[in-house]
Amino acid sequence: MKAGEPEEFIVDGRRLDGRRMDELRPLKIEAGVLKRADGSAYVEWGGNKVLAACYGPKEIHPRHEANPKRAVLRTYYSMAPFSVYERKRPGPDRRSMEISKVTRQALESVVFTHLYPMTAIDVFIEILQAQAGTRCAGITAASVALADAGIPMRDLVPACAAGKVGGHIVLDLFDVEDNYGEADLPVAIVPRTGEICLMQMDGNLTQEEFEQAFELAIKGCMQVYEKQKEALRKAYEKRSEE
Amino acid sequence: MNQDIIADIRKDHVERLLDEGRRVDGRGFDEYRKVSVEVGVNERAEGSALVTLGRTRVMVGVKLAVGMPFPDMPDSGVLTTNAELIPLASPTFERGPPDEDTVELARVVDRAIRESGCIELEKLCIEEGELVWIVFIDLHPLDYDGNLFDACTLGAIAALKNTYMPKLEDGKVDYKTRTEEKLPVRDTPVEVTYCKIGRHILLDPCLEEEEVLDARLTVGYNEKGEIVAMQKGGSGTFTREEIVDIVRKGREKAEFLRQHIPG
């Protein structure tokens, strides 16, 4: 047993933060929050606070990275030093490099990059405060920022994790569950077609548990999707009033 | 620009063959290339393995050192996995600090090794809070012909199972004296990778397939067949049925790979 591990994860059918097994943490999404960015979004998801900004399509530097057939999508996931309990050393580390890569690939599956050859579309994700599930919050924010920038896409990309804690399959792990739980399964989807564009897993799951967690994560994504659309709708309403 | 056009032509070619039920190298869709695993291939490493998967060759070395434990795990050994994609192994690998592909490879291999709990890290404590064994796994592809994930994970676990503890004297490691004692390993995780090209799902992509794939799914399994790691790659997508199906059928392929580990 690791230091700080709770004895039980589920008490009287409720999780340690009071949620049911299939309940998301409170989720708030706002689009168009930054002035300078072409598109932006702010996500508060439980104890996660995440900003995403999109710049582009724009001229690409260095020029040799240009692609004559499509825009180059570049994603940068980064954690603020004060976003975690123990200060994180600033700058990219191995974890953020991997997350940047899988985030880019998830978004590439929906962005019509072929419309903007020889250009770059940059997406910056900044984790200001972390409480587990930051890659999902980051992708969720990033796709709203892309849409807010008016980049043509075939859909938004909501992301959500499911996992296993204390023998139970649960939705959207928060930090205690993530640190001491048995498995974490982040998933991102293309809701209109049901395709899976991001999928990772660590921990231990049987086939049955996996299939259960997978379905639960997809359901979570659909809830996140509704919030994303709502955020964009609100941003455009506000703009039309101005 | 030329490379881009060539890639499109290649993709057409690979996909057209697949539509006819054929793979570029003549394999079945659900078939691994020839696998071989040799252990104890390096006298300086405490554990080592050389994996051949078709024309992909990977050397994995396990080195042991002593050092401080993590503060939150004071009585547990430490595992570190590193990969190096050296330019010797492919014209597309470049010198310099690890790029995202290198980092992803090391982290995905690490995931299966770590999450399966195969190394009994709790037995690697020398003095609680002060001194523990650190296990370094170095993944070293020598010839890159696709699917490094499966080859490196297989090499890592084969090397770990063939790792002998060096002698420890007054908190210092004597690397020249190898003991008879093996590194405590209790499970044999392996990873199985499928890729998707067009509408086709293929096991163990070779380089030509890897270069044109739409999506990739790597699944790690422990000996019991439980899932311990997963990673989707590529800019394309899978349907949920495809994922569930891959995870199911990968289990038997994991067992096939495991049989190649000597000893």
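Now for a quick tour of the structure. (Residues numbered from 1 in each chain as written. Chains lettered and ligands numbered in written order. Predicted model: local features only at pLDDT ≥ 70, side-chain atom pairs only at ≥ 80, totals over all residues. Heavy atoms only, no water.)

1. Considerations on the overall build of chain B
Helix and strand content of chain B: 5 helices and 12 strands. Taken over C-alpha atoms, the radius of gyration comes to 19 Å for chain B, in line with the 18 Å a tight globule of 263 residues would show. Projected onto its principal axes, the C-alpha positions of chain B cover 65 × 40 × 35 Å. Within chain B, the proportion of its 263 residues that are buried is 53%. A separation threshold of at least 6 residues defines the contact pool for chain B, and within that pool the share at least 24 residues apart is 69%. Carbon together with sulfur atoms contributes 48% to the accessible area of chain B, which is approximately 11900 Å² in total. Averaged over its 35 positive side-chain charges, chain B has a centre that lies 3 Å from the centre of its 51 negative ones. (Helix = DSSP H or I, 4+ residues; strand = E, 2+ residues; numbered from the N terminus. Rg over C-alpha atoms; globule rule 2.2 N^0.38 Å. Buried < 20%, exposed > 50% of the residue type's maximum accessible area, 1.4 Å probe, protein only. Contact = heavy atoms within 4.5 Å. Areas by Shrake-Rupley, 256 points an atom, 1.4 Å probe, with all protein chains shown as cover. Lys, Arg positive; Asp, Glu negative; His and termini not counted. Charge placed at Lys NZ, Arg CZ, Asp CG, Glu CD.)

2. Brief notes about the side chain of B:N162
In this structure, B:N162 sits in the loop between helix 3 (148-160) and strand 7 (164-169). In terms of polar contacts, B:N162 uses its side chain to reach the backbone amide nitrogen of B:G40, at 3.2 Å. (Polar contact = N/O pair within 3.5 Å; in protein donor to acceptor, adjacent residues only side chain to side chain.)

3. Focus on the interface of chain B and chain A
The interface is formed by 39 residues belonging to chain B together with 38 residues belonging to chain A. Summing both sides of the interface, chain B and chain A together bury roughly 3300 Å²; the carbon and sulfur share of this comes to 50%. If you look at where chain B meets chain A, you find 8 salt bridges. Put simply, B:R240 and A:E215 hold a salt bridge, and the shortest N to O gap is 2.6 Å. Between chain B and chain A we count 23 residue pairs in polar contact (both at pLDDT 80 or more) in total. Looking at the side of chain B that touches chain A, the elements with two or more residues in it are helix 1 (2-19), strand 4 (78-83), helix 2 (100-115), strand 12 (227-233) and helix 5 (240-258) of chain B. The biggest single contributor to the side of chain B that touches chain A is helix 2 of chain B, with 8 residues. Counted by class, the side of chain B that touches chain A contains 14 nonpolar, 10 polar and 15 charged residues. (Buried area = accessible area lost by both parts, 1.4 Å probe. Salt bridge = Lys/Arg side-chain N within 4 Å of Asp/Glu carboxyl O. Nonpolar A, V, L, I, M, F, W, Y, C, P; charged D, E, K, R; others polar.)

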